[in-house]
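# What the coordinates show
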Amino acid sequence: MRYRTLGGLRVGAVGLGAMPLSIEGRPDERQAVATLHAALDAGVTLIDTADSYYPPGGEPGPGELLVSRALASYGGNTDAVLVATKGGRGRTDEGGWTVDAAPERLKRTAHASLARIGGAAIGLYQLHKPDPDVPFAESVGGLRELLDEGTIRFAGISNVDTDQIRLAGEMLGDRLVSVQNRFSPAVREGEAELRLCAELGLAYLPWSPLGGISRSALDGPAGGPRAGGPYAAFHRVARAHGVSPHQVALAWLLAQSPTVIPIPGASRPESIRDSAAAADLVLSTEEVAALDASGAHATAGQGASDAGQDTAGSRAAAGRGAMPA
């Protein structure tokens, strides 16, 4: 697998979003661990989770514990693996999502996450989402305290705009290493943030990166009823290369900027192997241009549906990347 840089660390160009492995609709433990091991075998070295990735009525942290167990049971070397987690969100018993990014809560949850993941410090700890009831600078101040005390090695922010990225950069300096925002073939409103990250040298981690790509070649040919829609170019390019449309979508994201590291979700080994292969898929300038133009007139609402949202009907498709990242 080709590699990219995150905070001075060399990581695989495609990561793994581990959310589908610990929320509702998750696979059993054996399959979940097999999926994580398959990711490692394929060269994935960035695994992203969160303390809030648990089913309704559950307790925080099962995703972090799962990743820890999978790393411990893996037969190979895991020294290069960067585990990224997030704090500042929670779940309701009804399946909804909450936001609480008060500095004291962030610090408390980060300490709990470290205990679950293990090690001397969390490799990458991210503010999951700005809290409308807490000044953003205060939440970032909580991250700064965690950095200063050595609980976390690097900090990241998620679901943010350009002003928030600049503010966090001013407060954290080179210890801010990543931004995790939604970006996909279907949802491209975050292009300003992506370009700013390229300018500042921050890793940009697109969550729900496969939005709009409705079918994988793992389950059949790169065609089907949706292949002629607004994202038809992804299917055409996939057929030309003999790969899945998902691989093309991830390769297209990688072509957007050298700081992009997609984190597609997966709930079975075959899925993450297919996604990881995108790191070595090189698209021509003409192909990238055609994919840039594909879906230009599609609505964000359609993309949200395709990506899999926080609804009962879509959580079963969490392997494609579901809200919230």
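What counts, and at which threshold
Residues numbered from 1 in each chain as written. Predicted model: local features only at pLDDT ≥ 70, side-chain atom pairs only at ≥ 80, totals over all residues. Heavy atoms only, no water. Pairing = 2+ DSSP bridges. Helix = DSSP H or I, 4+ residues; strand = E, 2+ residues; numbered from the N terminus. Salt bridge = Lys/Arg side-chain N within 4 Å of Asp/Glu carboxyl O. Buried < 20%, exposed > 50% of the residue type's maximum accessible area, 1.4 Å probe, protein only. Axes fitted to C-alpha atoms, helices over the stretch in contact; angles between N-to-C directions. Left-handed = near helix turned anticlockwise from the far one by under 90°. Contact = heavy atoms within 4.5 Å. Parallel < 35°, antiparallel > 145°, perpendicular 65-115°, else oblique. Arc of directions from axis to C-beta. pLDDT = per-residue confidence, 0-100. Expected span 1.5 Å × (residues − 1). Right-handed = clockwise from strand over helix to strand, strands pointing away.

Moving on, we get to the sheet that holds strand E3 (residues 16-17). Overall, parallel pairing links the 7 strands, which are arranged E3-E4-E5-E8-E9-E10-E11 in an open sheet. Each edge of the open sheet carries a strand with a single partner, namely E3 and strand E11 (203-204). Pairing between strand E8 (residues 122-127) and strand E9 (residues 152-158): 5 bridges, direction parallel. Within E9, the residue paired with Gln 126 across the bridge is Gly 156.

What follows deals with the pattern of salt bridges. Scanning the entire structure with this criterion turns up 9 salt bridges. Between Asp 48 and Lys 86 there is a salt bridge; the shortest N-O distance is 2.6 Å. Of this pair, Asp 48 sits in strand E4 (residues 46-48) while Lys 86 sits in strand E5 (residues 82-87), and the two are 38 residues apart along the sequence. Here the two residues Asp 48 and Lys 86 agree in accessibility, since each one is buried. Linked by salt bridges that have partners in common, Glu 104, Lys 107 and Glu 145 make up one network.

Before going further, it helps to spend a moment on the packing of helix H1 (residues 29-41) against helix H2 (residues 62-73). Where H1 contacts H2, the two axes come as close as 9 Å, and the packing angle between them is 65°. The handedness of the crossing between H1 and H2 is right-handed. Residue-level inspection shows Glu 29, Ala 32, Val 33, Leu 36, His 37 and Leu 40 of H1 in contact with H2, the latter providing Leu 66, Val 67, Arg 69, Ala 70, Leu 71 and Ser 73.

What follows deals with the environment of Val 134. Positionally, Val 134 belongs in the loop between E8 and helix H4 (136-149). The exposure class assigned to Val 134 is buried, which follows from its relative accessible area of 13%.

Once that is clear, we can look at the packing of helix H8 (residues 245-256) against helix H10 (residues 285-293). In contact at an axis separation of 10 Å, H8 and H10 are set at 100° when each is read in the N-to-C sense. Here H10 runs roughly perpendicular to H8, going by the angle between their axes. On the side of H8, the interface is formed by Val 248, Trp 252, Ala 255 and Gln 256, while H10 contributes Val 288, Leu 291 and Asp 292.

Our focus in this paragraph is H10. When we look at burial in H10, the residues that qualify are Glu 287, Val 288 and Leu 291. Looking down the long axis of H10, one finds its buried residues gathered within 100° of arc, a one-sided arrangement. Along H10, the residues that are exposed and aim more than 90 degrees away from the buried face are Thr 285, Glu 286 and Ala 293. Buried residues in H10 make contact with helix H7 (232-241) and H8.

Further remarks concern unusual backbone geometry. Of note in this structure, Asn 159 is not a glycine but carries a positive phi near 60°. Phi at Ser 208 takes a positive value of approximately 50°, unusual for a residue other than glycine. Looking at the secondary structure, you find Ser 208 in the loop between E11 and H7. You can call Ser 208 buried: its relative accessible area is 3%.

Another point: the confidence of the model for the protein. Reading predicted coordinates in detail is not appropriate for stretches of low pLDDT. Per-chain confidence: the protein averages 90 in pLDDT, with 86% of residues scoring 70 or above. Every residue in residues 215-223 scores below 50 in pLDDT, and together they form 26 contacts with partners more than four places removed in sequence or on other chains. Contacts of residues 299-322 to residues separated by more than four positions or lying in other chains number 54 contacts, the stretch itself having pLDDT below 50.

Further remarks concern H1. Between its terminal C-alpha atoms H1 stretches 18 Å, which fits the 18 Å expected from 13 residues at 1.5 Å a residue. For H1, the complete set of buried residues consists of Ala 32, Val 33, Thr 35, Leu 36, His 37, Ala 38, Ala 39 and Leu 40. Close packing links the buried residues of H1 with E3, E4, H2 and helix H9 (269-276). With its phi angle positive at about 100°, Gly 43 sits one or two positions after the end of H1.

For E9, the tally of buried residues reaches 6 of 7 residues, placing the bulk of the element in the interior. With respect to chirality, the unit in which E8 leads through H4 into the neighbouring parallel E9 is right-handed. Across 4 bridges, E9 lies against strand E10 (residues 176-180) in parallel orientation. Pairing of Gly 156 across the sheet is with Ser 178, part of E10. Between the parallel pair E9 and E10, the chain is carried across by helix H5 (residues 162-172), and the sense of this crossover is right-handed.

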